[in-house]
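Descriptive structure summary
Below are the chains, spelled out letter by letter.
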Amino acid sequence: MIEVEGLTVRFGGVIPIDGMTVTFPGGTCGLIGPNGAGKTTFFNVLSGFVKPVAGSIHAFGEDLLEMADFRRARWGLRRSFQQEQAITSLSVFDNVAMVHEHSGQARSSRRQDVLDALAFVGLEVSPKAKASVLDARDRRLLEVARATVGKPRVVLLDEPAAGLPDEETIHMGQVIAKIPSQFGALTILVDHDMSLVSACCETTAVLDFGKLIAAGPTAEVLHNEHVVNAYLGTEEEL
Amino acid sequence: MRAVVITVSLAFVLVAVPSLVSVYWVKVATAAVIFMIVALGLNLLFGRVGMVSLGQIALLALGSWIAARLFFLTGLPFPIVLLLGGLITGVIGTLIGLPALRLGGLYLALITLMLAGAISIVLTHVDFPNGGGGFLGHTEATVEYPDVRRPSIAEADDAYFRYAVVVTALMFLLALAHVGSKAGRAWAAIRESEPAALAAGVNITRYKLWAFALASFMTGVAGGLLAANEGKLYAEQFPTIDSITLLAVVLMGGIFSLWGAVAAGFLAKLLPALLDDWGVSPDFVIILFGVGILQVVVTAPGGVVDQVPKDVKRLGRLLSRGVGRLAGARGPAG
């Protein structure tokens, strides 16, 4: 469970997150909202790239903001990026092993853990292949493999299916939906694809201008009047 | 296969080169081999971690100074002095690397260049140890002062060449061991994406400083080798501009492969000597390097070690196609 209390982030005169209070109960949770709502900024706060001016975040009872940024991965916080960040000069195996060796897991299980993570996401390329030769889908899957290797506790996925065709998005959705049961990790999914969010997430929170406007079971949230007005739009507008 | 090629060529260099060429060329080759270590340090910093340092020649001068001082001050065995010189230079280089934690690109280059300038000014004033007393170990009193000593097993020039090749090979092994390990993977992540490295749990501060420490250690060891190769040291041997030339040859050699540092050593030390031998002023290498850098930046980012094998392959294909065409043309007629 992640409990966020009164979180506020300020960049000069801009306030991308404004007193956000929300609880992510567990399983796979959606986080949606229009562009600029503060979703990625929220992930960056969790990762430690951005320091909030106020508020607190407790993950499984631990004060996340007190933890040094590079220690959070060892604690079990993982993430993918909106713009995939495959390390192109490393092999597929080394991309995942790189995360594993900083995660505090035993060296003896590294090889198996890495191969398991690659199998889990369904990446069917040679582990020895350089990440530079992978296509868009495989790079996205590689990011998810990196985010799930070595006992993750919280997995943040920032538009993991952006730019992928429908069929591949469905595969990605199936992988994401399995993360909580496979690893016991709380997963937060940011995406604009509502069918992906509906397919993966039991609960969903909605941000607009840095404020939480709705949270709860996904189906209810997606029919919430405020959410429809702020983000989804009415049928007439479509 | 690659290991075999490397072992065979190393054995050839060790056995054959000193007996095939004159003393002058042995000395040039020794300087080139020592310079490969310096190039290797910058190759690691720039090629692996993405940090540009323009202070490497100043570190080399510092390494030479420290090693020379230790040689005159103590009776420690040669390898121990090399190691100590490397370690002390490593500590100093790590301090120089501290700005790298906050600065990148042009600013880091500028800061390291200014530090290099500062070091060379200080060295010009205190001069190099020449058997004198005190902390600085420099004396103007004697006319004939002693040389920095060489290892007892490698007093002669050709033996010292072999000694330098072995030390250089060890430095390359050290670099290879790093690149293929946890540190190498962390460096790759830092170079390509610091956010991704951080998200993977890489302690960026530690790995950047470790890269500076390793590169400085190597440069310090090279300094010790250089001190014993030259015998007598002068501040004029380490002009600040050489740090910029070093970056040029490291780029030309190729920064995506450690072997680029081997090519860099040849470019920096062998090429000027060859020009000199042909009666052309060695100063012209600067112009050649300028053209070389232009070529690397525009058409061959992998440098010499990447480009030459490709060109050879292309030439081979061209030749075999030519031969094939000739044979095809003769076929029906014959």
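The written sequence of each chain sets the order in which its residues are numbered from 1. Working convention: letters from A go to chains and numbers from 1 go to ligands, in the order in which they are written. Where local features are concerned, this predicted model is filtered to residues with pLDDT of at least 70; where side-chain atom pairs are given and counted, the filter is 80 or more; whole-chain, interface and lining totals use all residues.

Right, let's talk about the sheet that holds strand β2 (residues 14-24) of chain A for a bit. Residue and element names in this part refer to chain A. Overall, antiparallel pairing links the four strands, which are arranged β2-β1-β4-β5 in an open sheet. Every other strand in the sheet has two partners, leaving β2 and β5 (62-63) as the edge strands with one partner each. By the convention used here, strands pair only if DSSP detects at least 2 bridges between them. Strands are runs of DSSP state E lasting at least two residues, helices are runs of H or I lasting at least four, and both sets are numbered from the N terminus onward. Pairing between strand β1 (residues 2-11) and strand β4 (residues 54-59): five bridges, direction antiparallel. Bridge pairing links E3 to H58 in β4.

Moving on: the interface of chain B and chain A. The extent of an interface is frequently quoted as the accessible surface area lost upon association of the parts. Contact residues are listed per partner, giving 16 residues for chain B and 21 residues for chain A. Among the elements of the structure, α8 (182-192) and α9 (194-199) of chain B are those that each provide at least two residues to the side of chain B that touches chain A. It is α8(B) that provides the largest number of residues to the side of chain B that touches chain A, a total of six residues. In this count, Pro and Cys sit with the nonpolar residues alongside Ala, Val, Leu, Ile, Met, Phe, Trp and Tyr, while Asp, Glu, Lys and Arg are called charged and the others, Gly among them, polar. Class assignment of the residues belonging to the side of chain B that touches chain A gives a composition of ten nonpolar, three polar and three charged. A pair of residues counts as a contact when their C-beta atoms, built from backbone coordinates, are separated by no more than 7 Å.

A few words on the environment of A:Q105. Residue and element names in this part refer to chain A. Along the chain, the position of Q105 falls in the loop between α3 (92-100) and α4 (110-121). Between the C-alpha atoms of Q105 and R74, which are 31 residues apart in sequence, the distance is 8.7 Å. Leaving out residues up to four positions away in the same chain, Q105 has contacts with H100, R110, D113, G150 and K151.

With 168 residues, the main nonpolar core has B:A39 and B:V250 as its most contacted residues. Discounting chain neighbours no more than four positions away, the residues touching B:A39 are B:L246, B:V249, B:V250, B:G253, B:A261, B:A264 and B:G265. Nonpolar cores are built from buried Ala, Val, Leu, Ile, Met, Phe, Trp, Tyr and Cys residues. These are joined into a set through C-beta atoms within 7 Å. Partly exposed residues are those whose C-beta has more than 12 but fewer than 20 other C-beta atoms within 10 Å; with 20 or more the residue is buried, with 12 or fewer it is exposed, and the C-beta atoms are placed from the backbone.

Moving on to unusual backbone geometry. Residues and elements named next belong to chain A. Positioned with a positive phi, F60 is a non-glycine residue whose angle comes to about 50°. Structurally, F60 can be placed in the loop between β4 and β5. Look at F209: it is not a glycine, yet its phi comes out positive at around 50°. Residue F209 is classed as partly exposed on the basis of its C-beta count, with 15 C-beta atoms lying within 10 Å.

Right, let's get into α4(A). Residues and elements named next belong to chain A. To estimate how far a helix should reach, multiply one less than its number of residues by 1.5 Å. Helix length check: α4, at twelve residues, gives a terminal C-alpha distance of 17 Å against a target of 16 Å (1.5 Å per residue), a fit within 8%. When we look at burial in α4, the residues that qualify are D113, V114, A117, L118 and V121. Viewed along the axis of α4, the buried residues span an arc of 135°, placing them on a single side of the element. Facing away from the buried surface of α4 by more than 90 degrees, the exposed residues are Q112 and A119. Along the arc lie the directions from the helix axis toward the C-beta atoms.

This part takes up the confidence of the model for chain A. Confidence of the predictor at the level of single residues is given by pLDDT, which spans 0 to 100. Averaged over all residues, the pLDDT of chain A is 90; the fraction at 70 or higher stands at 98%. Of all the helices and strands in chain A, helix α9 (residues 225-232) of chain A carries the lowest mean pLDDT, 82, while α3(A) carries the highest, 95.

Let us now look at helix α10 (residues 204-230) of chain B. Residues and elements named next belong to chain B. Between its first and last C-alpha atoms α10 spans 39 Å; for 27 residues at 1.5 Å apiece the expected length is 39 Å, and the two agree. Most of α10 sits out of view: 20 of its 27 residues are buried. Where α10 terminates, the next one or two residues include G231, which has phi positive at roughly 85°.

All right, on to the packing of helix α11 (residues 241-253) of chain B against helix α13 (residues 285-298) of chain B then. Residues and elements named next belong to chain B. For helices, the axis comes from a line fit to the C-alpha atoms of the stretch in contact; other axes are also lines fit to C-alpha atoms, and the angle between any two N-to-C directions lies between 0 and 180 degrees. Across the interface, α11 lies against α13 with an axial gap of 9 Å and an inter-helix angle of 45°. Classed by the angle they form, the pair α11 and α13 counts as oblique. Of the two elements, α11 crosses α13, and the hand of that crossing is left-handed. Within the contact between the two elements, α11 uses T245, A248, V249, L251 and M252 and α13 uses F289, G292, I293 and V296. Roughly parallel refers to an angle under 35 degrees, roughly antiparallel to one over 145, roughly perpendicular to one between 65 and 115, and oblique to any angle outside these ranges. The handedness criterion is simple: a crossing whose near helix is rotated anticlockwise from the far helix by less than a right angle is left-handed, and one whose near helix is rotated clockwise is right-handed.

Turning our eyes to something else, we now look at the pairing of β1(A). Residues and elements named next belong to chain A. Relative to β2, β1 runs antiparallel, the two sharing six bridges. Along β2, the bridge assignment pairs L7 with M20. Taken together, β1 and the strand that follows it, β2, pair antiparallel across an intervening segment of two residues, in which G12 is found at a positive phi of about 60°.

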